[in-house]
Amino acid sequence: MTRKLNFSSGPAALPEPVLRRTQAALWDLDGTGIGILEHSHRGKAFRAVMDRTTALIREVGGIGDDFAILFITAGATHHFSMVPQNFLGETDTVDICHTGVWSAKAIAEARRFGNVHIACSSAPTFDTTPAIEAYSASPRYVHYTSNETIYGTQWPTPPASPPAPLVCDASSDIFSRPLPLADHGLIYAGAQKNLGPSGISLVIARKSFVATRRPGLPPLADYMTYVTEGSLHNTPNTFGIYMIGEVMAWIREQGGLAVLGERNARKAALLYDFLDHSKRWRAHAKPGSRSNMNITFRGDSPALEAALIARAEERGMSGLPGHRDVGGLRASIYNAFPEDGVHQLIQLLDEVEG
Ligand code: PMP
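Residues numbered from 1 in each chain as written. Predicted model: local features only at pLDDT ≥ 70, side-chain atom pairs only at ≥ 80, totals over all residues. Heavy atoms only, no water.

## Considerations on the packing of aromatic side chains
So, step 1. All told, the structure shown has 9 aromatic pairs when counted by the stated rule.
So, step 2. On the basis of an interplanar angle of 15° and a centroid distance of 4.1 Å, the ring pair of Phe87 and Phe209 is categorised as stacked. Of this pair, Phe87 sits in helix H3 (residues 77–87) while Phe209 sits in helix H5 (residues 207–210), and the two are 122 residues apart along the sequence. Each member of the pair, Phe87 as well as Phe209, is classed as buried. (Phe/Tyr/Trp six-rings, centres within 6.5 Å; stacked < 30°, edge-to-face > 60°. Helix = DSSP H or I, 4+ residues; strand = E, 2+ residues; numbered from the N terminus. Buried < 20%, exposed > 50% of the residue type's maximum accessible area, 1.4 Å probe, protein only.)

So this is what it looks like as structure tokens:
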């Protein structure tokens, strides 16, 4: 069987060596005679997996002891409500950068708990990561989405001079480049793009920020529970934690985040350069705000886009139609997506353009 070239936005392509190691660990984890899915979360073997995964995340991300590494069952959507539930009182205000579908969800959930001030917005086209218009007088925290998976924009650097800790939804670009920790109170990311399987999120939380959460929350809704109990208050997603560890080991083998950051920038630049010089294809996002992870683009007619999708399917390229709400096309090229696959897509775009 030949595997397809997978442009899916998530769950997405994972590194081949990780998949092979995982296959083996399903049968027998580290020579224990028991597979990873079958090990108790309280046992010695899983404890070793948890310690190894956490240590690798710290090493690869350059994350010190002032931050806690948390594994939370459920994806990033969970944090759209969990963050304000923890940090936003009824009379508090959160400043949110509105850059698309995902920030809209964060805004809607925050409004259930307190006040929302839109610090900047790229609506309705969502083709930039906008400059801050104005922060509110004393926000509780400032929320942004580092990479807008659907519209294909990515903050080159985090919002500048925030008057309160930054909270970042990094679901679609975490560990794709060096991690900006300064100014951040909390970074959360669903795992199914650059980290592992769906249904688990990684949270990198500044301990002093977590300490300011509202007390008295139910244990699984309280970030502090995960800090004090090492993400083991209940049975965690053991398999997800194992896979995140394997992905981290792969990132280290590749040379770390600086190397991946350069590689991802190079892969994306190939495609943007082709689109910018094409007569019939054009990129959606504006230069300076373009995502290196999700390249969104359109053809000059629905027929051209349909022709591309049909030809791509014939060549074993999958996942290119854009999100159902915005249409067009989208090539998601996360860490594990091979550079050669980008060349193959460019060749196809060129052929279909005629
Ligand atoms: N935020 C961003 C930026 C995303 O790309 C996604 C998923 N595509 C989510 C949040 C939601 O993730 P989940 O469905 O795992 O909750």
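## With respect to the environment of Leu260
So, step 1. With respect to the helices and strands, Leu260 occurs in helix H8 (residues 257–277).
So, step 2. In this structure the C-alpha to C-alpha distance between Leu260 and Phe175, which are 85 residues apart in sequence, comes to 8.3 Å.
So, step 3. Leave out the neighbours within four places in its chain, and Leu260 touches Phe175, Ser176, Trp250, Ile251, Gln254 and Asn335. (Contact = heavy atoms within 4.5 Å.)

## Digging into the side chain of His79
So, step 1. As for its placement among the helices and strands, His79 is situated in helix H3.
So, step 2. Engagement of the side chain of His79 in a polar contact is seen with the side chain of Tyr223, the distance being 2.7 Å.
So, step 3. The residues touching His79, leaving out its near neighbours within four places in the chain, are Ile72, Pro84, Tyr188, Ser201, Val203 and Tyr223. (Polar contact = N/O pair within 3.5 Å; in protein donor to acceptor, adjacent residues only side chain to side chain.)

## Regarding the site of the ligand
So, step 1. The environment of the ligand is formed by 13 residues, the closest being Thr77, Thr149, Asp169, Gln192 and Lys193.
So, step 2. The separation between an oxygen atom of the ligand and a polar main-chain atom of Ala76 is 3.2 Å.
So, step 3. A distance of 2.4 Å separates an oxygen atom of the ligand from a polar side-chain atom of Thr149.
So, step 4. Alone, the ligand offers 400 Å² of accessible surface; in the complex the protein occludes 83% of this.
So, step 5. Counted by class, the shell around the ligand contains 3 nonpolar, 8 polar and 2 charged residues. (Near = heavy atom within 4 Å. Areas by Shrake-Rupley, 256 points an atom, 1.4 Å probe, with all protein chains shown as cover. Nonpolar A, V, L, I, M, F, W, Y, C, P; charged D, E, K, R; others polar.)

## Some remarks on the pairing of strand E4 (residues 115–121)
So, step 1. Strand direction decides the pairing type here: strand E3 (residues 93–98) and E4, joined by 6 bridges, are parallel. What sits directly across from His98, in E4, is Ser121.
So, step 2. With helix H4 (residues 101–111) bridging E3 and its parallel neighbour E4, the resulting β-α-β unit is right-handed. (Pairing = 2+ DSSP bridges. Right-handed = clockwise from strand over helix to strand, strands pointing away.)

## Notes on empty space enclosed by the protein
So, step 1. Within the structure shown, the criterion is met by 3 cavities of 30 Å³ or more.
So, step 2. Here the largest cavity defines a volume of roughly 100 Å³.
So, step 3. Here the residues of the lining of the largest cavity are counted per class, giving 9 nonpolar, 2 polar and 2 charged.
So, step 4. Computed from the structure, the second largest cavity encloses a volume of approximately 50 Å³.
So, step 5. Residue lining of the second largest cavity: His79, Phe80, Val83, Pro84, Val94, Ile96, Ala106, Ala110, Tyr141, His143 and Tyr188, and that is the complete set.
So, step 6. Listed by contribution, the elements that provide at least two residues to the lining of the second largest cavity are H3, E3, H4 and strand E5 (141–145).
So, step 7. Of all the elements, H3 adds the most residues to the lining of the second largest cavity, at 4 residues. (1 Å grid on protein atoms, 1.4 Å probe; cavity = no way out; pocket = protein on both sides within 12 Å on 5 of 7 lines; lining within 4 Å. Points joined across faces, edges and corners; volume = space filled by probe spheres on them.)

Purely geometric stuff here, so don't read any function into it on its own.
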